[in-house]
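# Residue-level structural notes
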Amino acid sequence: MSEDNLSAVLHGVDDLRLEQVPIPKPGPNQVLVRVHTVGICGSDVHFWTHGAIGSFVVKEPMILGHETSGVVSEIGSEVQHLKVGDRIAMEPGLACKLCEHCKTGRYNLCPESRFFATPPTNGALSRFVVHDADFCFKLPDNLSFEDGALIEPLSVAIHSCRRGNVQMGHRVLVLGAGPIGVLNMLTAKSVGAGKVVITDLDDGRLALAKKLGADATINVKGKSLEAVRAEIISALDGQQPQVCIECTGVQPSIETAITTTKSGGVIVLVGLGADRVEIPIIESATREVDIRGTFRYVNCYPTAIELLSSGKLDLSGLTRAHYKLEETLEAFKRNRKADVMKVFIQC
């Protein structure tokens, strides 16, 4: 095996370096993965530009990247379901598997959870990484390595739609047409939502969302909350959405969700913004509009793989850019331009 394990290591704000690190050895229930493709996430860029996200602060060098696919290069002695050469997608969070949350199937809420590229846990922008075998999922032959990397953000959307209990025929409003917003739109459509309306500030993103299947798009730039609400309801044939999936984290968007959602409906908060936000809480309380949080995802990778491999959900229309691992810094700069939906790094 090659001793080359070039990795993208974040040392601090705007200090991203390419360095050689030791190739790790898998434990009995782990696999060594030769990384193929990593998608850049907004959180990777935020750690690079700010050195922290909330209470997660980069205090020591950390490898970035968590949207990952690759090939099994070596297996631990207890691994049964994988073999060397298998193409896999890697679910990047690892829970304790012992606490109440883990045992009741909500391992994403495990207080001991570790997640790729979230301090102090290293990510996957390397030639080789080690990961627990039970969080590695075989890719069907008809899925590419890029599909494998996209399973991670797609899982965010699947979990969001589950939290919103999106049903066949539902009217759904998605606020924010970035990668996660567009994936939520696509997921809602794939599970049978009737009409899906999506909002944003950028005409280019809205045009892509429309091309990919949004029933209506609304540019909210410079408009009052009342005007935006009226446009949304008009786009839904005079009716309010039963489910709102909020993917921006900004106050006006959250308020729009609260005032626009049908009484008895659900708002799912996916986007993360300021720690404290002023909202019309009485409007939510008196109309029984549920506000639900969402944290990453849980038990979504098998569903994501099935949706993609069956053709129920098609991600081929997402705009993309491609870079080599040696071009990581250029790839991160490209991601900040936001001119494509996803930037991929080939490792």
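In the nomenclature of an unreviewed UniProt entry, the chain corresponds to Sorbitol dehydrogenase from the organism Caenorhabditis nigoni. Under the Sequence similarities (unreviewed entry) heading, UniProt states for the chain: "Belongs to the zinc-containing alcohol dehydrogenase family."

## Quick word on the nonpolar core
Note that soluble globular proteins tend to have their nonpolar side chains buried in a common cluster. Core analysis: the biggest nonpolar cluster contains 48 residues, and Val-172, Val-182, Met-185 and Leu-315 have the highest contact counts within it. Those elements that provide at least two residues to this core are helix H3 (145-163), strand E13 (171-175), helix H4 (179-190), strand E14 (195-200), helix H5 (203-212), strand E16 (243-246), strand E17 (266-269) and helix H9 (301-310). The dominant element in this core, judged by the number of residues it contributes, is H3, at eight residues. Summarising the domain contributions, this core has at least three residues from each of domain 1 (6-138 + 317-346) and domain 2 (162-293). Look past the residues within four positions of Val-172 in its chain and what remains in contact with it is Val-166, Ala-188, Ala-193, Lys-195, Val-196, Val-197, Pro-241, Val-243 and Ile-245.

## A closer look at the sheet that holds strand E1 (residues 6-12)
The three strands are arranged E2-E1-E6 in an open sheet whose pairing can be described as antiparallel. Single-partner strands in this sheet number two, and they are strand E2 (15-20) and strand E6 (62-63). Set on the sheet, helix H1 (residues 42-50) makes contact with E1, E2 and E6; between it and E1 the angle comes to about 50°.

## Comments concerning the side chain of Arg-287
By the element assignment, Arg-287 lies in the loop between helix H8 (281-286) and strand E18 (290-293). A distance of 3.1 Å separates polar atoms of two side chains, one belonging to Arg-287 and the other to Ser-263. Residue contacts for Arg-287: discarding those within four places in its chain leaves Gln-240, Ile-258, Thr-259, Thr-260, Thr-261, Lys-262, Ser-263 and Gly-264.

## Some remarks on the domain arrangement of the chain
Annotation of the chain at the domain level lists domain 1 (6-138 + 317-346) and domain 2 (162-293). Here domain 1 and domain 2 have C-alpha centroids that lie 30 Å from each other. Between domain 1 and domain 2, the residue contacts involve six residues of the former and nine residues of the latter. The three residues of domain 1 that bury the most area against domain 2 are Gly-317, Leu-318 and Met-341, which together make up 70% of that side's buried surface. Taken together, the connections running from domain 1 to domain 2 amount to zero salt bridges. Our count for the domain 1 to domain 2 interface comes out at zero residue pairs in polar contact (both at pLDDT 80 or more).

How each quantity is defined
Residues numbered from 1 in each chain as written. Predicted model: local features only at pLDDT ≥ 70, side-chain atom pairs only at ≥ 80, totals over all residues. Heavy atoms only, no water. UniProt positions renumbered as here; feature names shortened; annotations may be inferred. Core = buried A, V, L, I, M, F, W, Y, C linked by side-chain atoms within 4.5 Å. Buried < 20%, exposed > 50% of the residue type's maximum accessible area, 1.4 Å probe, protein only. Helix = DSSP H or I, 4+ residues; strand = E, 2+ residues; numbered from the N terminus. Domains from an automatic or database assignment. Contact = heavy atoms within 4.5 Å. Pairing = 2+ DSSP bridges. Axes fitted to C-alpha atoms, helices over the stretch in contact; angles between N-to-C directions. Polar contact = N/O pair within 3.5 Å; in protein donor to acceptor, adjacent residues only side chain to side chain. Buried area = accessible area lost by both parts, 1.4 Å probe. Salt bridge = Lys/Arg side-chain N within 4 Å of Asp/Glu carboxyl O.

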